[in-house]
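Here's the letter readout for the chains.
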Amino acid sequence: MMFSNQSREFFVKFSENYAQIHGRIVFPITIIGILTSIVTILILNRKTFQTPTNLILQHVAFFDTVVLLSYNIYSFYFYILHDPNPFVGQPLFWIRFAIFHSNVGLTAHSIALWLTCLLAIIRYTIISKPKQVQVNSTHVTILIWIFGIIVCLLMIPNYFSWSVNLYPAHHLLPELYSSNSNETVYWVNQATGNGLEKISFGIIAICLKMSPVLILIIFSVLLILNIRHARKLRERLRHRCSSMNSSSNLKRELRTTTMLVLITLCNVFVELPQGFFLILIGIDKQFFLLYSQLGDFWDISTIISSFITFIMYCLMSQQFRMEMISLLLPEFLIEKFHLTTNRNSLSKKIKSQTSPINNPKTRNAPIDL
């Protein structure tokens, strides 16, 4: 036996106890996450941020919003309005919604994860070969569609793996219902047998969990090495000529790379353990018990990881903070508390920089986050 009875009891108790508070924790987090994702989309859609890499981040925020919205509805109905054992006595519609939520959430989250990989690849390509490679928004849009379609195709086995069946309640929950009970229970079950389920677990583990994380790690390391090389080169050139523009560009590249590395670390902690468990489930189905008992933990870790990206944007990008203040606060509050926004910062630059050399088009050029 892979797990002792004590281990089984521990994880079952942990799951049952945590389920009592899971909905009250995750429901407000999803609301905050939805709002921050919408703010991110609105800010990145502004002219000052309309670059190919920011377009990817905008779509990542969109798919994060889909995940958070789906989980918000799911957690409110199954964990707050009803008992955390959600399938007992529930209408068929909501049981099917649970399967729909699982599929949509996993698909949207996987697309967001692969788009983050796309961002890392493009960032590395632009930094390492700036003159040879030109990436525009059209190229990025095509790649986003390709990645989204591929993820949906990979998810097809999982879409057809599960169905809803009706069982006598005392068969599945003998501790709650006597053998004379007429109560029936909707329960999610395999629709096509073990074969398709194993294929589905394998695809999710390898293609949608572990592979994107490994790609993120590889290209994050390559980006760090590239930035270090650029910094050493700048130090050598500093003795020959002074170029403030190249210095500021390098700082911006370093900031963006640092942000990408932090996002990678979050994905490593969230996705790799799930990938390992799904591979183990394909080898021995007893691991499914442990995986399912930790289901709420996987969910909240995924939700928090998508919320952390907004915090990183705010902490690491002054331009993002300025645009957020300009978007969320009315003009009189900005003036009253002497807050710096992109608008008044830009007006100061226009007043102080009247030389013909300062081209307005250059000053207002979109920048990467």
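Residues numbered from 1 in each chain as written. Predicted model: local features only at pLDDT ≥ 70, side-chain atom pairs only at ≥ 80, totals over all residues. Heavy atoms only, no water.

Caption draft 1: Region of interest: the overall build of the protein chain. Along the backbone of the protein chain there are 14 helices and two strands. When burial is assessed residue by residue, the protein chain has 42% of its 369 residues classed as buried. A separation threshold of at least 6 residues defines the contact pool for the protein chain, and within that pool the share at least 24 residues apart is 76%. Here the protein chain has roughly 20,300 Å² of accessible surface; of this, 65% comes from carbon and sulfur atoms. (Helix = DSSP H or I, 4+ residues; strand = E, 2+ residues; numbered from the N terminus. Buried < 20%, exposed > 50% of the residue type's maximum accessible area, 1.4 Å probe, protein only. Contact = heavy atoms within 4.5 Å. Areas by Shrake-Rupley, 256 points an atom, 1.4 Å probe, with all protein chains shown as cover.)

Caption draft 2: Geometry of the packing of aromatic side chains. Using the criterion set out here, one finds 17 aromatic pairs in the structure. Summarising the aromatic geometry, the rings of F62 and F63 are spaced 5.2 Å apart at their centres and angled 70 degrees between planes, so their arrangement reads as edge-to-face. Residue classification places F62 among the partly exposed positions, given a relative accessible area of 43%. Relative to Y74, the ring of Y71 has its centre 5.6 Å away and its plane inclined at 55 degrees; by these criteria the two rings are tilted. With Y71 and Y74 both in helix α2 (residues 52–81), this residue pair falls three residues apart, about one helical turn. Clustering of aromatic rings is evident, with ring pairs tying together Y71, Y74, Y77, F78, Y79, F93, W94, F97 and F100. (Phe/Tyr/Trp six-rings, centres within 6.5 Å; stacked < 30°, edge-to-face > 60°.)

Caption draft 3: Region of the structure containing the side chain of H101. With respect to the element layout, H101 can be found in helix α3 (residues 92–128). Under the relative-accessibility criterion, H101 is labelled buried at 9%. Only 2.6 Å separates the side chain of H101 from the side chain of S70, close enough to count as a polar contact. If sequence neighbours within four positions are ignored, H101 has contacts with S70, Y71 and Y74. (Polar contact = N/O pair within 3.5 Å; in protein donor to acceptor, adjacent residues only side chain to side chain.)

Caption draft 4: A look at the pattern of salt bridges. In this structure the tally under the stated criterion is two salt bridges. The salt bridge partner of E323 is R46, with a shortest N-O separation of 2.8 Å. Pair noted here: E323 is in helix α11 (residues 318–328) and R46 is in the loop between α1 (5–44) and α2, with a separation of 277 residues, a long-range link. On the basis of relative accessibility, which here comes to 3%, the residue E323 falls in the buried class. Two residues, K209 and E271, come together in a salt bridge whose shortest N-O distance is 3.0 Å. Taken together, the residues K209 in helix α7 (residues 194–238) and E271 in helix α8 (residues 244–283) connect sequence positions 62 residues apart. (Salt bridge = Lys/Arg side-chain N within 4 Å of Asp/Glu carboxyl O.)

Caption draft 5: Broad picture of a nonpolar patch on the surface. Side chains of W145, I149, L153, I156 and F160 sit close together on the surface and give an oily, nonpolar patch of about 580 Å² of accessible area. Considering every element that reaches the nonpolar patch, the biggest residue donor is helix α4 (residues 137–154), with three residues. In this structure, I156 sits in helix α5 (residues 156–159). (Patch = residues over 30% accessible without salt bridge, like charges linked within 9 Å, V, L, I, M, F, W, Y side chains within 5 Å.)

Caption draft 6: Expanded view of empty space enclosed by the protein. Counted under the stated rule, the structure contains four cavities of 30 Å³ or more. For the largest cavity, the lining is made up of 15 residues, of which V60, T116, I263, N267 and T309 are closest to its centre. Contributing elements (two or more residues each) for the lining of the largest cavity: α2, α3, α8 and α10 (295–316). Residue contributions to the lining of the largest cavity peak at five residues, all from α3. When its residues are assigned to classes, the lining of the largest cavity shows eight nonpolar, six polar and one charged. (1 Å grid on protein atoms, 1.4 Å probe; cavity = no way out; pocket = protein on both sides within 12 Å on 5 of 7 lines; lining within 4 Å. Points joined across faces, edges and corners; volume = space filled by probe spheres on them. Nonpolar A, V, L, I, M, F, W, Y, C, P; charged D, E, K, R; others polar.)

Caption draft 7: Representation of α4. With 18 residues, α4 should cover 26 Å at 1.5 Å per step; its first-to-last C-alpha distance of 26 Å lies within 8% of that length. The backbone nitrogen of T138 lies 3.1 Å from a side-chain oxygen of the residue at the head of α4, namely N136. (Expected span 1.5 Å × (residues − 1).)

Caption draft 8: The environment of F288, seen in detail. By the element assignment, F288 lies in helix α9 (residues 287–293). Taking relative accessible area as the criterion, F288 reaches 29% and is therefore assigned partly exposed. The sequence separation of F288 and L278 amounts to ten residues, and the corresponding C-alpha distance is 8.0 Å. For F288, the residues in contact, after removing those within four places along its chain, are F201 and I281.

Caption draft 9: Structural detail: the environment of W94. Of note, W94 is situated in helix α3. Distance in space between the C-alpha atoms of W94 and F78 is 8.8 Å, their sequence separation being 16 residues. Ignoring any residue separated from it by four or fewer positions in sequence, one finds W94 in contact with I73, Y77 and F78.

Caption draft 10: The packing of α2 against α4, seen in detail. Packing of α2 against α4 brings their axes to within 8 Å, and their N-to-C directions diverge by 30 degrees. For the element pair α2 / α4, the angle class is roughly parallel. Handedness of the crossing formed by α2 with α4: right-handed. Of the residues in α4, those in contact with P52, L55, I56 and H59 of α2 are S137, V140, T141 and I144. The residue makeup of the contact of α2 with α4, split by class, is five nonpolar, three polar and no charged. (Axes fitted to C-alpha atoms, helices over the stretch in contact; angles between N-to-C directions. Parallel < 35°, antiparallel > 145°, perpendicular 65-115°, else oblique. Left-handed = near helix turned anticlockwise from the far one by under 90°.)

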